[in-house]
Amino acid sequence: MAKLYEYQGKGLLKEGGIPIPRGAIAKTAEEAGKIARDIGGPVAIKAQAWVTGRAEAGGVRFARDPAEAGKVAGQILGMDIKGFTVREVLVEEKLDIEGEFYVGMIIDDIAKLPALIFSSVGGTGIEEIVRKYPTKVVTFPIDTTAGLRGFEAREMLRKLEIRGDLQKGLSDLLVKFYRVAKKNEARSAEINPLVVTKGGKIVAADSHIVIDDYAVFRHPELGIEIAREFDRPATPLEKAAYQVEATDHRGTFYFFQMERNIKPRSGYIGFHGAGGGGSMMSMDALLTQGFKIANYCDTSGNPSASKVYRAAKIILSQENIDGYFASGSGVASQEQFHSARGLVKAFREEDLSIPAVIRIGGNSEELAMEILHAYTKDLRGKVEAYGRDTSAVFCAQRLWELVEQWDYRQKGPARKIRERPAPSSYRFDTLTGTLHIRHERCDTCAEKPCTSSCAAGILKFDAGRPILSIPPEEAKRGRCTECLACELACEFHGNKAIFIDLPIPGLDDAMRMGA
Amino acid sequence: MSILIDAEMRVVIQGITGREGTARAKLMKEYGTNVVAGVTPGRKGEIVHGIPVYDTVEEANEKEGPLEVSVIFIPAAFVKEAALEAFAAGVGLAVIVPDRVPVFDVLEIAKVAQGKGARFVGPNTLGLISPGKAVLGMIGGRAESARDWFKPGVVGVTSRSGGITSAISYYLGKAGVGQSTIIHVGGDAVVGTPHPDVVQLLEKDEDTRAVVLFGEIGTSQEERVADLIEKGEFTKPLIAFISGAAAKSGTRFSHAGAIIEGGRGTHEGKVKRLREVGAHVVDDFNDIPRVTVDVLKKL
C-alpha cells in the first residue's frame, strides 16, 4: 500500500474542507525556525515517517519559540525511527486541546464495503481504544455507490451521545472525510486524534492515509513514486525494479529488499519466487533450513523472459549473497522455458559465481530444466534445476549442501561471457530493448538456428542473414515477445552473433550506491 | 457433481482477442468447456480458436446465449466495466483473472453482483476447474497438462494461491486422490468468493467428501471457515495448510484492519482456530496428500 506522509494526507483533508493546524514542512533547522516565527507562539515539530510510534521514539516534540523550534527540528532531522531516516519535519501550531476523537475508514473484506469507524476517545491506537473502551466505538458500513449521508453520520454520533453543535460539526466532518478517502481511493485512512480545541474548533491533528496500490495509476497528482507496501523509503534497487514493473505489463514483478549491507559468507540468499503462495512457502523452506533472505522477489502471472531476466539481474546485483534460490508453487500453468531463458541470460551475463537451485516445475519443465543445465555448464557457479516432483524443502536442503561445500574464494573474476554488440550491427527495437545481430558472423554460420528458434516467427533469411519478416514497428509493439530463444540458440548452436540488449534504468546507479 | 462449473454451462470470454484471452480460450475449448462466444469491442465477426467474437456481451447473449459464465481477461483498469457488462447481460458467474484491480472497483462489482444475485471469483485468480468437465481461467495452462495433472474425484480444493492450487491438486492426484472442483479464490484481500463461500458450496455438493484448503496469513477467511465448522454449517473433513509461518508477517495488517477482524489474520491464530474445531491442519505442505488419504480411508 502506498503510504502518504502526514503532511500529504493533511493536504488532501484540507482540500476536502477539513480544517488542519497552520503549519508547513521543513527540511532544515533554519526552515523550521522560520515557520515557527510565521506561526507565532508554541509549535509542534513532527517527524515525517511512515511508521507508527513516532511520538514514543521522540519524533514528535513541542517548542515554545522559534529558537527552540529550530533546535528541536535539528535533533529530529536525520533521526532513525524504526529504520526510517527522517528527512522532513512538519512544524505546526500547537493546539489547545479540549477533546480528542478517532475517525477512520477501512475496507471490510467480509461485507465487501468501506466501513467508517468513529470513537469518542482518540489519541492512542484504535486497537487499544477498542480494547479499553468498546462502548465508545461505532462502525458503520458505507454504501459504495451512494457514499455516506449526513443523517447516517448523525446517527453514528447519536449512539455515542454526541449532541448539539458538536454533533453538527462532527457529522459534517465525517461526510467530508469519507469523500476524501473515496476520491483518493484510500485503502485505509485515519485522523487520530481529531481534536476539538478550547475555542470549539474541530481540527485534524494527525493523518494516516494509505492509497490503494492498484489505484495509484489513476492518481498521478499524488506523486507516488512506488505503489508498494513499504515501511520505509524505497532503496535504489527497489526503485530500479519498480521501473521494470511499471514499463512492462506482461506478468508481474515484485521486488523487496529485506537486508542491505550483507557481510560475506553470512548465509544470505537471493530469493526469486513465482506466485505469492509458492513464494511464501519457498521462503519458509529457506528459513527453516537456516538461511537468511536478502530479498523477496516474485515474478508471476506469465511474465516475459525479459522480465525474469531483469529480475534475476537485480537480485544478483546484491553484494555478498551466498546462493540463488528460485522456487514457486512447483506446478505452474505458464510455459516454464520463458523463465528458464531469462535466468540463463542473467546468469551468463554475470558469469554466476554462486550456487543456484531453481525449482521450475510446471508446463514444459523438461525443456526448462534442460535450458538451465545445458547453458550454464561453463559458468563459475553451479546451477541445479528441479521439476514438479521435487519439493521446496528438498531444494532448500540441496542449496544448503551446495553452499556448505562451495569455495567462495577461488572462483576468479567474472569473465566476459559475451561481447557487447558492435555499432555496425543489424538491429531492431523490441518492446523493452533492442535486438542486435552481427551479420558478418552469419555468413560463416553453418547451423543457422536463429529463425527456427523464433516462436513468434518474425525472422527470415535474406541472403543467409536473419532479418525481420515484419515491419519494425510491429516488432517494437510486442510481436517480438523477447523470448530470448534466438540469442541462446545462436550462442550455443550458431555463431554468437545475436545479442538482445535489455536495459535496466537505474541499476548501475543503484549498484554504485551500494546495492 | 461439481460446483460452479460443469461441462454444459455456456461460457463467454471477455477480452478473447488479447494475449492471455486467446491463449486461454484454446485451453478452455480444448479441455471441454462449453465456450460459446468471445467479446472484444469492435472485433465482431472474428473467430478465435473456432469461437465467434462479438462487440458486446449482450450481443453474444442474443446470438449464442443464454450465457451463464464469463471469464474476464481485460486490463485491470477496465475490469469493472467488463464485469458490470457481464452482469447486465444476465451472466451469473464472472471469473475475474486480472490482478491489480482497484479495490473500490471490486466493491462496486460486489454491490452490483449482490443486487443481481450473481457471483464472481477473483480478481487475481487463476480460475477453477472441475476435472474431466470444464476449466475456467488459466488453470493447467494447456489442455493436455490440465488433463494430465488433475483427475476427477471426491476432494474439493480451495486455495488463496494460484500456483499452489495446481500444486496441491497434482500432488493429491499422485497419491491417488482425485478432485471434484479446484478453485483459486484469488490473491487479493477482497475477493468475490472467499474460502467460507467455497466450503459452503462444497458442503452441498454430494460428490465432495472432503476439502483441502490452502490458507495464508492476512484477512479472516480461514477463521471464518472455522466459525462455519463450529456452527455445524460445514461438516465435511477439512485438511488445511496455512502458509507464512516463518516469513516476516509484513505490514499488511493495518492497525485499523484489526478492529473488524478482531485481531485475526496471524498464522498462529489461524492454525489454532482451525485445530480447535477439528480441522486437520498440517505443518508441512508435503503432508497434505498423505493426511488426505488417511482422512478419506476413515470415512
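Rules behind the numbers
Residues numbered from 1 in each chain as written. Chains lettered and ligands numbered in written order. Predicted model: local features only at pLDDT ≥ 70, side-chain atom pairs only at ≥ 80, totals over all residues. Helix = DSSP H or I, 4+ residues; strand = E, 2+ residues; numbered from the N terminus. Rg over C-alpha atoms; globule rule 2.2 N^0.38 Å. Contact = placed C-beta atoms within 7 Å. Buried ≥ 20, exposed ≤ 12 C-beta atoms within 10 Å, placed from the backbone. Domains from an automatic or database assignment. Nonpolar A, V, L, I, M, F, W, Y, C, P; charged D, E, K, R; others polar. Core = buried A, V, L, I, M, F, W, Y, C linked by C-beta atoms within 7 Å. Axes fitted to C-alpha atoms, helices over the stretch in contact; angles between N-to-C directions. Parallel < 35°, antiparallel > 145°, perpendicular 65-115°, else oblique. Left-handed = near helix turned anticlockwise from the far one by under 90°. Pairing = 2+ DSSP bridges. Arc of directions from axis to C-beta.

Participant: Sorry, what's going on with the overall build of chain B here?
Facilitator: A count of helices and strands for chain B gives eleven helices and 14 strands. A compact globule built from 299 residues should have a C-alpha radius of gyration of about 19 Å, and chain B, at 19 Å, falls within 12% of that. If you line up chain B on its principal axes, its C-alpha atoms span 55 × 45 × 30 Å. Within chain B, contacts between residues at least 6 apart in sequence are counted, and of these 71% link residues at least 24 apart.

Participant: Any chance you could explain the overall build of chain A here in plain terms?
Facilitator: Within chain A, the regular secondary structure consists of 17 helices and 24 strands. Summarising its shape, the C-alpha atoms of chain A cover approximately 90 × 50 × 45 Å along the three principal directions. Going through the 515 residues of chain A one by one, you find that 48% of them count as buried. The long-range share in chain A, meaning contacts at least 24 apart out of those at least 6 apart in sequence, stands at 72%.

Participant: For this particular structure, what's the right way to read the domain arrangement of chain B?
Facilitator: Interface size is often expressed as the accessible area that is lost when the parts come together. All names here are of chain B. Parsing chain B into structural domains produces domain 1 (11–121) and domain 2 (127–297). On a C-alpha basis, the centroid separation for the pair domain 1 and domain 2 is 25 Å. If you list the elements that add at least two residues to the side of domain 1 that touches domain 2, you get α1 (19–31), β5 (69–72), α4 (103–116) and β7 (119–121). Residues of the side of domain 1 that touches domain 2, tallied by class, amount to 15 nonpolar, three polar and four charged.

Participant: Quick question: what am I supposed to make of the interface of chain B and chain A here?
Facilitator: Every contact between the two is made by 53 residues of chain B and, on the other side, 56 residues of chain A. Mapped onto the side of chain B that touches chain A, the elements with two or more residues apiece are α4, α5 (143–149), α6 (162–174), β12 (210–216) and α9 (255–261) of chain B. Among the residues forming the side of chain B that touches chain A, the class breakdown is 26 nonpolar, 18 polar and nine charged.

Participant: Where do I start with the domain arrangement of chain A in this structure?
Facilitator: Its domain assignment divides chain A into domain 1 (1–20 + 95–230), domain 2 (22–94), domain 3 (236–405) and domain 4 (426–501). The straight-line distance from the C-alpha centre of domain 2 of chain A to that of domain 4 of chain A is 58 Å.

Participant: Sorry if this is basic, but what is going on with the nonpolar core here?
Facilitator: One recurring pattern in soluble globular proteins: nonpolar side chains tend to sit buried together. Of all hydrophobic cores here, the largest spans 223 residues; its most connected members are Leu372 of chain A together with Ile72 of chain B. With eight residues, the top contributor of residues to this core is helix α9 (residues 305–316) of chain A. Among all residues touching leucine 372 of chain A, those that are not within four sequence positions of it are Ala340, Leu343, Val344, Ile358, Ile360, Val383 and Ala385 of chain A. Ile39, Trp50, Leu77 and Val89 of chain A belong to the second-largest nonpolar core, a separate cluster that totals 22 residues.

Participant: How should I be thinking about the packing of α9 of chain A against helix α10 (residues 337–350) of chain A in this particular structure?
Facilitator: For any two helices packed against each other, one specifies the crossing angle of their axes together with the interaxial distance. Residue and element names in this part refer to chain A. In the contact formed by α9 and α10, the axes pass within 7 Å of each other and the chain directions differ by 40°. Between α9 and α10, the angle falls in the class oblique. Here α9 and α10 pass one another in a crossing that is right-handed. For the pair α9 and α10, contact is made by Ala305, Ser306, Lys307, Val308, Tyr309, Ala312, Lys313 and Leu316 and by His338, Ser339, Arg341, Gly342, Leu343, Lys345, Ala346 and Glu350, respectively. Each residue belonging to the contact of α9 with α10 can be placed in one class, and the counts come to seven nonpolar, four polar and five charged.

Participant: Please explain the sheet that holds strand β6 (residues 93–96) of chain B as it appears in this structure.
Facilitator: Backbone hydrogen bonds hold the strands of a sheet together, and the pairing may be parallel or antiparallel. Residues and elements named next belong to chain B. Reading across the sheet, the seven strands line up as β3-β4-β2-β1-β5-β6-β7 and stay open at both edges, with mixed pairing between neighbours. On the outer flanks of this sheet lie β3 (47–48) and β7, each paired with one strand and no other. The sheet contact formed by strand β2 (residues 35–39) and strand β4 (residues 51–54) spans two bridges and is parallel. Bridge pairing links valine 39 to tyrosine 54 in β4. Along the sheet face, α1 touches β1 (11–14), β2, β3 and β4 and points at about 175° away from the line of β2. Of the strands in this sheet, β1, β2, β4 and β5 touch helix α2 (residues 57–64), which is tilted by about 150° from β2.

Participant: Would you explain helix α11 (residues 288–297) of chain B in this entry?
Facilitator: The α-helix winds at 3.6 residues per turn, so residues separated by three or four positions along the chain end up facing the same way. All names here are of chain B. Among the residues of α11, those classed as buried are Ile288, Pro289 and Thr292. Each buried residue of α11 lies within a common arc of 90° when the element is viewed along its axis, so the set occupies one face. Looking at the buried side of α11, the elements it contacts are β10 (152–159), α6, β12 and β13 (238–243).

Participant: How should the environment of serine 207 of chain A be read in this particular structure?
Facilitator: All names here are of chain A. Here serine 207 shows up in the loop between β12 (202–204) and β13 (208–211). Linking serine 207 and leucine 12, residues 195 residues apart in sequence, is a C-alpha distance of 9.7 Å. Excluding anything up to four places from it in sequence, serine 207 contacts Glu6, Gly9, Lys10, Leu13 and Ile191.

Participant: What is the right way to read the packing of helix α8 (residues 276–289) of chain A against helix α12 (residues 392–405) of chain A from this model?
Facilitator: Residue and element names in this part refer to chain A. Interhelical geometry of α8 versus α12 gives an angle of 45° and a closest axis separation of 9 Å. When the interaxial angle is binned, α8 and α12 end up oblique. For the element pair α8 and α12, the recorded crossing hand is right-handed. Here α8 contributes Met281, Ser282, Ala285, Leu286 and Gln289 to the contact with α12, which in turn contributes Ala392, Val393, Ala396, Gln397 and Trp400. A class-by-class count of the residues in the contact of α8 with α12 yields seven nonpolar, three polar and no charged.

Participant: For this particular structure, what's the right way to read the sheet that holds strand β24 (residues 498–501) of chain A?
Facilitator: Residues and elements named next belong to chain A. Read across the open sheet, the three strands follow the order β20-β21-β24; overall the sheet is antiparallel. Edge strands, defined here as strands with exactly one partner in the open sheet, are β20 (426–429) and β24. For this sheet the average axis-to-axis angle between neighbouring strands, irrespective of direction, equals 15°. Bridging between strand β21 (residues 434–437) and β24 involves four bridges; their strand directions are antiparallel. Following the sheet pairing, isoleucine 437 is matched in β24 by isoleucine 498.

Participant: What is the right way to read unusual backbone geometry from this model?
Facilitator: Between asparagine 192 of chain A and proline 193 of chain A the backbone carries a cis peptide bond, its omega angle lying at 5°. Structurally, the position occupied by proline 193 of chain A is in strand β11 (residues 186–197). The step from glycine 65 of chain B to proline 66 of chain B runs through a cis peptide bond, and the omega angle for that step is 0°. Within the secondary structure layout, proline 66 of chain B lies in the loop between α2 and β5.

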